[in-house]
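# Topology and contacts: notes
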Amino acid sequence: MATGRYIVQRDTAAWRLQVRLSFILAIVCAGVGVLNMPGQDLDRAFLAIGMFFCLFASFSVAKTQRDNRDGQVDTSMWVIAVWIAFAAAVLLTGWGLWRMNIEQWQKYYMLVSWLFMVSSTFTLAKTIRDAQEADLLEQRSARARSAAEGDAA
C-alpha cells in the first residue's frame, strides 16, 4: 500500500508578526483618525460604525471565499448576503466619508487608513487560515503514518 507524502509549507514567524502588526496598526490608525476627526459627533459615530461594518464584512468575505474555495459548501444565499454586506459596508462608509464636512487631506487620511484596515484584514484572515490548514494537514499525515505503521506490524 502506497502512502502519500505531505509537504507542509508554513509562513515564517517574521511574516506572521508583520501581518499581525499591520492589522493592529491599521485598526489604531483608523481609530485615531475617527476619534480625532473634526466635525460633528454624529459624523464620527457614523464613520466608526462604517469602519466596524467594513472590518467584520471583510472577515466574512475572506472566510466565505476560503470555505468555498474547493467547492461550494455555503448556500448561494449566504454567499450573496456576505457580498451584499461587504458592498454595502464599503459604499456606505465611502459615501459617509465623502459627504463629511472636513478638509480634503483629512478625507484622504481616513480613506488610506480605511483601505489599509480592509486590506490587512484579508491578509490576517488568510494567514490564520493557512496556519490552520497546515495544522490539519500535519495531523492527517501523522494519522496516515500511524495507520501505515499499524498495518505493517
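Nothing here was measured: the structure is a model prediction, and the numbers come from that model.

Reading guide: rules and limits
- Residues numbered from 1 in each chain as written.
- Predicted model: local features only at pLDDT ≥ 70, side-chain atom pairs only at ≥ 80, totals over all residues.
- Heavy atoms only, no water.
- Core = buried A, V, L, I, M, F, W, Y, C linked by side-chain atoms within 4.5 Å.
- Buried < 20%, exposed > 50% of the residue type's maximum accessible area, 1.4 Å probe, protein only.
- Helix = DSSP H or I, 4+ residues; strand = E, 2+ residues; numbered from the N terminus.
- Contact = heavy atoms within 4.5 Å.
- Phe/Tyr/Trp six-rings, centres within 6.5 Å; stacked < 30°, edge-to-face > 60°.

Among the nonpolar cores identified, the biggest contains 23 residues, and Leu47, Met51, Met110, Trp114 and Met117 are the most heavily contacted of them. At the level of secondary structure, the elements contributing two or more residues to this core comprise α1 (13–36), α2 (41–67), α3 (76–99) and α4 (104–152). By residue number, the principal contributor to this core is α2, which donates six residues. In this structure Trp114 touches Met51, Cys54, Val90, Thr93, Gly94 and Leu97, once residues within four positions along its chain are discounted.

A few words on the packing of aromatic side chains. Counting across every chain of the model gives five aromatic pairs. Relative to Trp95, the ring of Phe46 has its centre 6.0 Å away and its plane inclined at 80 degrees; by these criteria the two rings are edge-to-face. Here Phe46 is found in helix α2, whereas its partner Trp95 is found in helix α3, with 49 residues between them in sequence. By relative accessible area, Phe46 is classed as partly exposed at 34%. The class of Trp95 is partly exposed, set by a relative accessible area of 45%. An aromatic cluster of three or more residues is present, and its members are Trp83, Phe86 and Phe122.

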